[in-house]
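Chain by chain, the residues run as shown.
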Amino acid sequence: MSGGHCGAGTPGGRLLCRLGDIPDGGGKGFWFGRDTARLGVFVVRKGNTVVAYLNSCPHRGTPLDWLPDRFLDRDGCHILCATHGALFRIGDGFCLSGPCAGAKLRAVRTVHRGGEIYLAESLSDLLSQAPGST
Ligand code: FES
């Protein structure tokens, strides 16, 4: 799965990582919680822009990465689901092709401060959306 680690809690959000920890044109995954409430979040970076989504494919709810921190297709143009090959737009998570065409990845709000990326959503709210948490 992913090589990211949960960051320390900070006022205004949980630290995910530094922008420089994510290769330009690459991604990084993070896992929170455990067991049935385990939740994955991943970020994709293009220059100084970062987008974040739950690491859960709308088709079957499986993680998208095919290797740790590998979320993009070979061209680096789309997010790729490793399970059945669905392709998603990086900017808004819209599924362009595959078994869940027309669906969207669940976006996760982040904040950039001082070269660091923080979750801008409550971790407990995100964890309540983990598959199997209900
Ligand atoms: S689980 Fe992602 S395309 Fe099927």
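Structure shown above.
This structure is a prediction, so every number in the text was calculated from the model and none was measured.

Asker: Please clarify how the overall build of the protein should be interpreted in this entry.
Answerer: Summing up its helical and strand segments, the protein has 1 helix and 10 strands in all. Shown N-terminal to C-terminal, the secondary structure of the protein runs as helices and strands in the order β-β-β-β-β-β-β-β-β-β-α. Every one of the 134 residues in the protein was classed for burial, and the buried ones make up 33%. Taking the contacts inside the protein whose residues are at least 6 apart along the sequence as the reference set, 50% of them involve residues at least 24 apart.

Asker: Explanation requested: the sheet that holds strand β8 (residues 95-97) in the structure shown.
Answerer: Either a parallel or an antiparallel arrangement is found when strands of a sheet pair, and the pairing is made through backbone hydrogen bonds. What the 3 strands build is an open sheet, ordered β6-β7-β8; its pairing is antiparallel. Among the strands making up the open sheet, the edge pair consists of β6 (78-80) and β8. Within the sheet, the average angular offset between the axes of one strand and its neighbour, ignoring direction, is 40°. As defined by bridge partners, strand β7 (residues 87-89) adjoins β8 across 2 bridges and the pair is classed as antiparallel.

Asker: Sorry, what's going on with the sheet that holds strand β3 (residues 27-32) here?
Answerer: In space, the 3 strands of this open sheet follow the order β3-β4-β5, with antiparallel pairing throughout. Single-partner strands in this sheet number two, and they are β3 and β5 (49-54). Averaged over all neighbouring strand pairs, the angle between strand axes comes to 20°, with direction disregarded. Inspection of the sheet shows strand β4 (residues 39-46) paired to β5 by 6 bridges, in the antiparallel sense. Its bridge partner being in β5, V43 is matched across the sheet by A52.

Asker: Even after reading the chapter, I still don't get the environment of R113, so can you show me in this structure?
Answerer: With respect to the secondary-structure elements, R113 resides in strand β9 (residues 110-113). Sequence-wise, R113 and R18 are 95 residues apart; in three dimensions their C-alpha atoms are separated by 9.3 Å.

Asker: Would you mind going over the environment of I90 with me for this structure?
Answerer: Following the sequence through the fold, I90 ends up in the loop between β7 and β8. Sequence separation between I90 and C77 is 13 residues, and the spatial gap between their C-alpha atoms is 7.3 Å.

Asker: Any chance you could explain the nonpolar core here in plain terms?
Answerer: Grouped together as the largest cluster of nonpolar side chains are 29 residues, with contacts concentrated most on V43, V44 and I79. Listed by contribution, the elements that provide at least two residues to this core are β4, β5, β6 and β10 (116-119). By residue number, the principal contributor to this core is β4, which donates 5 residues. Other than its neighbours up to four places away in sequence, I79 contacts V44, L64, F71, L72, F88 and I90.

Asker: In this structure, what is going on with unusual backbone geometry? I would like to understand it.
Answerer: The phi torsion of most residues other than glycine is negative, and most of the peptide bonds are trans. The phi dihedral of D69 falls on the positive side, at around 65°, and the residue is not glycine. Position of D69 relative to the elements: it lies in the loop between β5 and β6.

Asker: Any chance you could explain the pairing of β4 here in plain terms?
Answerer: The side chains of a regular strand alternate, residue by residue, between the two faces of the sheet. Of all the 8 residues making up β4, 7 are buried; the element is thus mostly covered by neighbouring parts of the structure. Both β3 and β4 contribute to a ladder of 6 bridges, which runs antiparallel. Within the sheet, the bridge partner assigned to G27 lies in β4 and is V44. In sequence, β3 turns back onto β4 through a hairpin of 6 residues, with G33 there showing a positive phi of about 70°. Between β4 and β5, which pair antiparallel one after the other, the connecting turn spans 2 residues, and G47 there sits at a positive phi close to 65°.

Criteria and thresholds
- In this numbering scheme, every chain counts its residues from 1 along its sequence in written order.
- Local features in this predicted model are restricted to residues of pLDDT 70 or higher, and side-chain atom pairs are both shown and tallied only at a pLDDT of 80 or more, whereas totals for entire chains, interfaces and linings draw on every residue.
- Strands are runs of DSSP state E lasting at least 2 residues, helices are runs of H or I lasting at least 4, and numbering of each runs from the N terminus.
- Using C-beta atoms placed from the backbone, we call a residue buried if 20 or more other C-beta atoms fall within 10 Å of its own, exposed if 12 or fewer do, and partly exposed for counts in between.
- It is the C-beta atoms, placed from the backbone, that decide contacts: two residues are in contact if theirs lie within 7 Å.
- Any two strands with at least two DSSP-identified bridges between them are counted as paired.
- Think of each axis as a best-fit line through the C-alpha atoms, taken over the contacting stretch in the case of a helix, with angles from 0 to 180 degrees between the N-to-C directions.
- Note on terminology: a nonpolar core is any set of buried Ala, Val, Leu, Ile, Met, Phe, Trp, Tyr and Cys residues joined through C-beta atoms within 7 Å.

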